[in-house]
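Summary of the model geometry
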Amino acid sequence: MAIVILCPASTCSQLNSRKAKKCHYCGGGLTRDGRRMWYVARRIDGKLRRVKVGWSPTEEEAIVKEGQIISAKLRGDLGLLDRNAGVTLSELLDWYEKQPAVLARKSASDTLGAIRRVLAVLNPKRTISLLSSDTIAAYQTERLGQGIAEATINREVAALKGMLSRAAITVPPKISFNPLRHVQMLAEQNVRDVHQPRMVLAKLLRASAPWARRVFHFAGRHPTRRAEIESLDIREIDLAEGRVNLGAGRTKTGLGRSFPLHPLSRRIIAKGNVIAGAVWRLPNGRPVNTIGLRREFARAVKAAGLDRAVKQADSWTALRFHDLRHIAADLLISAGTDPHQVLAMGGWSTTQMLKRYSLAANQRAFNIRFQPVRQRTKREPTWQSSNTGS
């Protein structure tokens, strides 16, 4: 058992001895605002575990925590030595679903529902110490046998990992560490490649009713989510600056964002003369109904012959409303827009989705075949040498 210091650099995060002045691994400093992140490292079942003490300018708190662990070890109190052995999945879920940061997310109900589905298979009374990569591998195999898609299983596992990670970093921590932090996700077969996205969007717009065409054009030019588009309010549109400003409560991630407005969408919205309320209106002035919009999209897809416009795995499927988000990102990247700008416009937290769009665009570019250039035959010169000799 030993008192150690965690390197505060996000690219390092390695443990160092209590007497170290600089990180032994990256060479950076170990202090942040005059404080250090202290841990007590000890071995449990032959594996090195660590108990988080927290930020402190001195090691006094770490020494106190070390004494508590030594006393608990003598008493056989496994709850302090390894919190994972004293907390069940159901108890952790009861704590997690009361956290304000969790409830503030728009996806809170979906996340909690995904965790409950996992617990129904793993047994809610199972302690955290009994979780391992093998446990999740067995869960993934069972769910695949039930015909559940890989993407759905990954969302469920990611929700469980998120709960465990938050429980490990909260103050005071609910568990000692996240035993699933290194779990591998399943390879997803949900890559949807819209071939010739510009032509697909044009066909959809031609087949759509005029009142819905404005919505579909906006969706095909701005990589935003369907819920953000359907409930777009005129107060979120800055026509003078040509920007869309979404507040924190309007996005899936809970983070507000602002992005430029496409010139044609800007003219369309300005022509609508909407003063207050919803941006998208029917010819009679009433706001567009969500159900009616989705029905019109399905009708336009069928009328435009786009029921086999998207390639997924080895099959072709019909165009979906969410595919317009893919089209918008694809068109922006193909036009040379900075990927980080597209990332900010779409509200993605990682570049994985952008890599998917870039890969699809690059693959289509690779498959382009130009017409061969006809070889010109070399013509013999028609002039004659002036050196005729004498």
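Residues numbered from 1 in each chain as written. Predicted model: local features only at pLDDT ≥ 70, side-chain atom pairs only at ≥ 80, totals over all residues. Heavy atoms only, no water.

Of all the five residues making up strand S1 (residues 2–6), four are buried; the element is thus mostly covered by neighbouring parts of the structure. Relative to strand S2 (residues 15–17), S1 runs antiparallel, the two sharing three bridges. The residue bridging Ile5 from the neighbouring strand is Asn16, located in S2. (Buried < 20%, exposed > 50% of the residue type's maximum accessible area, 1.4 Å probe, protein only. Helix = DSSP H or I, 4+ residues; strand = E, 2+ residues; numbered from the N terminus. Pairing = 2+ DSSP bridges.)

This paragraph deals with the packing of helix H8 (residues 197–207) against helix H9 (residues 210–221). Relative orientation of the contacting elements H8 and H9 amounts to 165 degrees, with a least axis distance of 9 Å. When the axis of H8 is compared with that of H9, the two are roughly antiparallel. Our pair here, H8 against H9, has a crossing hand that is right-handed. Between H8, through Arg198, Leu201, Leu204, Leu205 and Arg206, and H9, the contact on the second element is made entirely by Arg213, Phe216, His217, Gly220 and Arg221. (Axes fitted to C-alpha atoms, helices over the stretch in contact; angles between N-to-C directions. Parallel < 35°, antiparallel > 145°, perpendicular 65-115°, else oblique. Left-handed = near helix turned anticlockwise from the far one by under 90°. Contact = heavy atoms within 4.5 Å.)

Turning to the packing of aromatic side chains, a few remarks are in order. As enumerated under the stated definition, the model contains five aromatic pairs in all. Their ring planes at 75 degrees and their centres at 5.4 Å tell us that Phe216 and Phe297 sit as a pair that is edge-to-face. With Phe216 in helix H9 and Phe297 in helix H12 (residues 290–303), the pair connects residues that are 81 residues apart, well separated along the chain. Of the two residues, Phe216 and Phe297, both sit in the buried class. Residues Phe218 and Trp280 carry aromatic rings whose centres are separated by 5.5 Å and whose planes lie at 65 degrees to one another, so their mutual orientation is edge-to-face. With Phe218 in helix H9 and Trp280 in the loop between helix H11 (263–272) and H12, this pair connects stretches of sequence that are 62 residues apart. An identical accessibility class is assigned to Phe218 and Trp280; each is buried. Here the aromatic cluster, defined as three or more aromatic residues joined through ring pairs, consists of Phe216, Phe297 and Phe321. (Phe/Tyr/Trp six-rings, centres within 6.5 Å; stacked < 30°, edge-to-face > 60°.)

What follows is about the sheet that holds strand S5 (residues 192–194). With antiparallel pairing, the three strands of this open sheet are ordered in space as S5-S9-S10. The sheet is open, and its two borders are formed by S5 and strand S10 (315–317), each paired with just one other strand. With direction set aside, neighbouring strand axes in the sheet form an average angle of 35 degrees. Strand direction decides the pairing type here: strand S9 (residues 310–312) and S10, joined by three bridges, are antiparallel. By the bridge assignment for S10, Lys311 is matched with Trp316.

Two numbers describe how H9 lies on helix H13 (residues 321–334): the axes approach to 6 Å, and their chain directions differ by 50 degrees. Regarding the angle of H9 to H13, the classification is oblique. Across the interface between the two elements, Phe216, Ala219, Gly220 and Arg221 of H9 pack against Phe321, Leu324, Arg325, Ile327, Ala328 and Leu331 of H13. A per-class count over the contact of H9 with H13 returns seven nonpolar, one polar and two charged. (Nonpolar A, V, L, I, M, F, W, Y, C, P; charged D, E, K, R; others polar.)

Looking now at the environment of Leu103. Structurally, Leu103 can be placed in helix H4 (residues 100–103). We classify Leu103 as partly exposed; its relative accessible area is 48%. In contact with Leu103, not counting residues within four places along its chain, are Glu97, Lys98 and Ala108.

On to the confidence of the model for the chain. As a note on interpretation, predicted positions should not be read in detail where pLDDT is low. On average, residues of the chain score 80 in pLDDT, and 81% of them are at 70 or above. Of all secondary-structure elements in the chain, the lowest mean pLDDT belongs to helix H2 (residues 78–81), at 50, while helix H3 (residues 89–96) reaches the highest, 93. Below a pLDDT of 50 lies the segment residues 381–390, which in the model reaches zero contacts outside its immediate sequence neighbourhood of four places, other chains included. (pLDDT = per-residue confidence, 0-100.)

Our focus in this paragraph is the environment of Arg32. Relative to the assigned elements, Arg32 resides in the loop between S2 and strand S3 (36–44). On a C-alpha basis, the gap between Arg32 and Ala9 in space is 9.6 Å, while along the polypeptide they are 23 residues apart. When sequence neighbours within four positions are dropped, the list of residues in contact with Arg32 reads Pro8 and Trp55. There is a polar contact of 2.8 Å between the side chain of Arg32 and the backbone oxygen of Pro8. (Polar contact = N/O pair within 3.5 Å; in protein donor to acceptor, adjacent residues only side chain to side chain.)

This next bit is on the sheet that holds strand S6 (residues 237–238). Read from one edge of the open sheet, three strands run S6-S7-S8, paired in antiparallel fashion. The sheet terminates laterally at S6 and strand S8 (257–260), the two strands that pair on one side only. Sheet topology note: the S6/strand S7 (residues 243–246) ladder contains two bridges and is antiparallel. What sits directly across from Ile237, in S7, is Val244.

Even without a glycine there, the phi angle at Asn123 is positive, about 85 degrees. Mapping Asn123 onto the fold places it in the loop between helix H5 (108–122) and helix H6 (133–145).

The subject of this paragraph is the pattern of salt bridges. Applying the stated rule across the entire model yields ten salt bridges. In this structure, Glu228 engages Arg225 in a salt bridge whose closest nitrogen and oxygen atoms are separated by 3.6 Å. Owing to a relative accessible area of 3%, Glu228 belongs among the buried residues under this scheme. Of the charged contacts, one joins Arg235 and Asp233 as a salt bridge, the two residues approaching to 3.0 Å between their closest N and O atoms. Relative accessible area serves as the criterion here: at 74%, Arg235 is assigned to the exposed category. (Salt bridge = Lys/Arg side-chain N within 4 Å of Asp/Glu carboxyl O.)

Leu204, Phe216, Trp280, Leu319 and Leu324 are the most contacted members of the largest nonpolar core, which totals 46 residues. Counting residues per element, the ones that place at least two in this core are H8, H9, S7, H12, H13 and helix H14 (339–346). Sequence-distant contacts of Leu319, defined by excluding residues within four places in its chain, comprise Val200, Leu204, Phe297, Val301, Leu306, Val310, Leu324 and Ile327. (Core = buried A, V, L, I, M, F, W, Y, C linked by side-chain atoms within 4.5 Å.)

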